[in-house]
Amino acid sequence: MHNLQQRANVLFSFVMTALGAVLAIVAGISYIQGYPSVGGNLHVEEDALRVVSRRYGPDHYDYGTPKSHFARLTFDIDADFTPVFNWNTKQVFVTVVANYETASHDRNSIVLWDKIITSREKARLKLRNVPNKYALIDVSRKWSHQQANLSIHWDITPHVGILQGGHSPINIANVILSPAPPS
(Lines give C-alpha, C1' and ligand atoms only; values in the text may rest on other atoms or scores of the structure.)
Protein backbone atom coordinates (compact mmCIF):
# COMPACT_ATOMS: atom_id res chain seq x y z
CA MET A 1 0.00 0.00 0.00
CA HIS A 2 2.70 2.57 0.99
CA ASN A 3 6.26 2.26 -0.10
CA LEU A 4 9.32 2.73 2.15
CA GLN A 5 9.93 6.34 1.05
CA GLN A 6 6.40 7.43 2.02
CA ARG A 7 6.66 5.74 5.43
CA ALA A 8 10.06 7.40 6.09
CA ASN A 9 8.57 10.77 5.10
CA VAL A 10 5.63 10.35 7.51
CA LEU A 11 7.97 9.29 10.33
CA PHE A 12 10.34 12.22 9.67
CA SER A 13 7.43 14.70 9.59
CA PHE A 14 6.08 13.37 12.87
CA VAL A 15 9.49 13.58 14.60
CA MET A 16 10.07 17.14 13.36
CA THR A 17 6.61 18.25 14.45
CA ALA A 18 7.09 16.72 17.91
CA LEU A 19 10.56 18.28 18.24
CA GLY A 20 9.22 21.69 17.17
CA ALA A 21 6.40 21.44 19.71
CA VAL A 22 8.84 20.55 22.53
CA LEU A 23 11.16 23.46 21.59
CA ALA A 24 8.19 25.87 21.48
CA ILE A 25 7.16 24.74 24.97
CA VAL A 26 10.73 25.19 26.24
CA ALA A 27 10.89 28.69 24.71
CA GLY A 28 7.53 29.60 26.26
CA ILE A 29 8.52 28.35 29.71
CA SER A 30 11.82 30.24 29.50
CA TYR A 31 10.05 33.47 28.47
CA ILE A 32 7.39 33.20 31.17
CA GLN A 33 9.92 32.25 33.85
CA GLY A 34 12.12 35.22 32.91
CA TYR A 35 15.45 36.10 34.45
CA PRO A 36 16.16 37.81 37.76
CA SER A 37 17.62 41.31 37.81
CA VAL A 38 21.34 41.69 38.17
CA GLY A 39 22.95 44.10 40.59
CA GLY A 40 26.13 45.75 39.45
CA ASN A 41 28.48 48.51 40.43
CA LEU A 42 30.60 50.61 38.12
CA HIS A 43 33.16 53.06 39.46
CA VAL A 44 35.33 55.56 37.58
CA GLU A 45 38.29 57.29 39.22
CA GLU A 46 38.61 60.98 38.36
CA ASP A 47 42.36 60.71 37.74
CA ALA A 48 41.82 57.75 35.38
CA LEU A 49 39.93 59.92 32.91
CA ARG A 50 41.56 61.93 30.16
CA VAL A 51 40.70 63.29 26.74
CA VAL A 52 43.46 63.13 24.14
CA SER A 53 43.67 64.83 20.80
CA ARG A 54 45.03 62.92 17.81
CA ARG A 55 44.27 62.00 14.24
CA TYR A 56 41.59 59.45 13.50
CA GLY A 57 40.83 57.21 10.56
CA PRO A 58 42.74 55.20 7.99
CA ASP A 59 46.15 56.67 7.21
CA HIS A 60 45.50 59.35 9.85
CA TYR A 61 43.00 61.07 7.57
CA ASP A 62 39.91 62.41 9.28
CA TYR A 63 37.77 63.64 6.39
CA GLY A 64 38.98 67.22 6.56
CA THR A 65 39.40 67.50 10.32
CA PRO A 66 43.03 67.14 11.29
CA LYS A 67 42.49 66.10 14.92
CA SER A 68 39.78 64.53 17.04
CA HIS A 69 39.21 64.28 20.78
CA PHE A 70 39.15 60.76 22.21
CA ALA A 71 38.19 60.00 25.78
CA ARG A 72 40.28 57.38 27.53
CA LEU A 73 39.23 56.09 30.90
CA THR A 74 39.53 53.16 33.22
CA PHE A 75 36.76 51.84 35.45
CA ASP A 76 36.06 49.16 38.02
CA ILE A 77 33.26 46.65 37.50
CA ASP A 78 31.67 44.63 40.26
CA ALA A 79 28.69 42.61 39.02
CA ASP A 80 27.33 39.14 39.65
CA PHE A 81 25.59 37.44 36.71
CA THR A 82 25.27 33.99 38.33
CA PRO A 83 21.49 34.40 38.97
CA VAL A 84 20.77 34.59 35.22
CA PHE A 85 22.40 31.21 34.50
CA ASN A 86 19.82 28.45 34.46
CA TRP A 87 19.12 25.34 32.38
CA ASN A 88 18.41 27.39 29.25
CA THR A 89 21.18 30.05 29.40
CA LYS A 90 23.83 29.67 26.72
CA GLN A 91 25.77 32.90 27.31
CA VAL A 92 25.51 36.44 28.63
CA PHE A 93 26.86 39.38 26.61
CA VAL A 94 27.87 42.24 28.94
CA THR A 95 28.65 45.79 27.79
CA VAL A 96 29.54 49.09 29.44
CA VAL A 97 27.74 51.92 27.65
CA ALA A 98 28.30 55.68 27.86
CA ASN A 99 25.15 57.80 27.37
CA TYR A 100 25.33 61.56 26.84
CA GLU A 101 23.51 64.48 25.23
CA THR A 102 24.79 67.18 22.91
CA ALA A 103 23.23 70.28 21.41
CA SER A 104 22.75 68.58 18.05
CA HIS A 105 21.77 65.07 19.28
CA ASP A 106 19.48 64.37 22.22
CA ARG A 107 20.58 60.79 22.80
CA ASN A 108 24.03 59.32 22.18
CA SER A 109 25.24 55.89 23.26
CA ILE A 110 28.71 54.46 22.84
CA VAL A 111 29.81 50.96 23.80
CA LEU A 112 33.10 51.24 25.71
CA TRP A 113 33.76 47.64 26.71
CA ASP A 114 32.22 44.18 26.28
CA LYS A 115 32.63 40.60 27.46
CA ILE A 116 30.93 37.29 26.74
CA ILE A 117 30.28 35.10 29.77
CA THR A 118 29.74 31.45 28.86
CA SER A 119 29.47 29.70 32.23
CA ARG A 120 28.22 30.22 35.77
CA GLU A 121 31.78 29.89 37.11
CA LYS A 122 32.90 32.96 35.14
CA ALA A 123 29.76 35.00 35.85
CA ARG A 124 31.12 36.94 38.85
CA LEU A 125 32.86 40.04 37.46
CA LYS A 126 35.20 41.85 39.80
CA LEU A 127 37.52 43.75 37.50
CA ARG A 128 39.77 46.66 38.39
CA ASN A 129 41.26 49.38 36.16
CA VAL A 130 39.58 48.16 32.99
CA PRO A 131 40.43 50.45 30.03
CA ASN A 132 37.83 51.26 27.42
CA LYS A 133 38.12 48.70 24.63
CA TYR A 134 36.47 50.82 21.95
CA ALA A 135 37.07 54.46 20.99
CA LEU A 136 35.00 57.03 22.82
CA ILE A 137 34.62 59.67 20.14
CA ASP A 138 31.71 61.99 19.45
CA VAL A 139 30.15 62.71 16.05
CA SER A 140 31.40 66.29 16.31
CA ARG A 141 34.87 64.94 17.16
CA LYS A 142 35.12 67.44 20.04
CA TRP A 143 34.54 67.12 23.77
CA SER A 144 33.72 70.30 25.63
CA HIS A 145 33.15 69.44 29.29
CA GLN A 146 30.63 66.78 28.25
CA GLN A 147 28.90 64.77 30.99
CA ALA A 148 28.47 61.08 30.26
CA ASN A 149 26.56 58.49 32.28
CA LEU A 150 28.00 54.97 32.30
CA SER A 151 25.85 51.88 32.77
CA ILE A 152 26.12 48.12 32.45
CA HIS A 153 23.94 46.39 29.84
CA TRP A 154 23.51 42.66 29.25
CA ASP A 155 21.83 40.35 26.77
CA ILE A 156 21.03 36.78 27.75
CA THR A 157 21.25 34.30 24.89
CA PRO A 158 19.20 31.16 25.63
CA HIS A 159 19.72 27.75 24.04
CA VAL A 160 16.10 27.91 22.88
CA GLY A 161 13.88 30.96 22.95
CA ILE A 162 13.90 34.73 22.76
CA LEU A 163 16.93 36.90 23.49
CA GLN A 164 16.34 38.82 26.74
CA GLY A 165 18.34 41.59 28.33
CA GLY A 166 18.52 44.33 30.87
CA HIS A 167 20.62 47.18 32.16
CA SER A 168 21.72 48.76 35.38
CA PRO A 169 20.45 52.22 36.28
CA ILE A 170 21.57 54.64 33.56
CA ASN A 171 23.38 57.02 35.89
CA ILE A 172 25.41 54.36 37.67
CA ALA A 173 28.62 56.36 37.10
CA ASN A 174 28.85 59.99 36.01
CA VAL A 175 31.98 61.30 34.31
CA ILE A 176 32.74 64.74 32.90
CA LEU A 177 34.82 64.60 29.75
CA SER A 178 36.94 67.68 29.23
CA PRO A 179 39.67 68.14 26.66
CA ALA A 180 43.29 67.94 27.69
CA PRO A 181 45.11 71.24 27.87
CA PRO A 182 46.93 72.09 24.64
CA SER A 183 50.51 70.95 24.58
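Data block above holds the structure.
These numbers were taken from a predicted model, which means no experiment stands behind them. (Residues numbered from 1 in each chain as written. Predicted model: local features only at pLDDT ≥ 70, side-chain atom pairs only at ≥ 80, totals over all residues. Heavy atoms only, no water.)

Draft legend 1. View of the packing of aromatic side chains. In the structure shown here, the tally under the stated rule is two aromatic pairs. When the ring of Phe-75 is compared with that of Trp-113, the centres are 6.5 Å apart and the planes differ by 80°; the resulting orientation is edge-to-face. Here the residue Phe-75 occupies a position in strand β2 (residues 68-80), and Trp-113 occupies one in strand β4 (residues 108-117), the gap between them amounting to 38 residues. Exposure remark for Phe-75: the relative accessible area of 0% places this residue in the buried category. A relative accessible area of 8% means that Trp-113 is categorised as buried. When the ring of Phe-81 is compared with that of Trp-154, the centres are 5.6 Å apart and the planes differ by 75°; the resulting orientation is edge-to-face. Of this pair, Phe-81 sits in the loop between β2 and β3 (89-100) while Trp-154 sits in strand β6 (residues 146-158); the two residues are 73 residues apart in sequence, bridging distant segments of the chain. The pair formed by Phe-81 and Trp-154 is uniform in burial state, with each residue classed as buried. (Phe/Tyr/Trp six-rings, centres within 6.5 Å; stacked < 30°, edge-to-face > 60°. Helix = DSSP H or I, 4+ residues; strand = E, 2+ residues; numbered from the N terminus. Buried < 20%, exposed > 50% of the residue type's maximum accessible area, 1.4 Å probe, protein only.)

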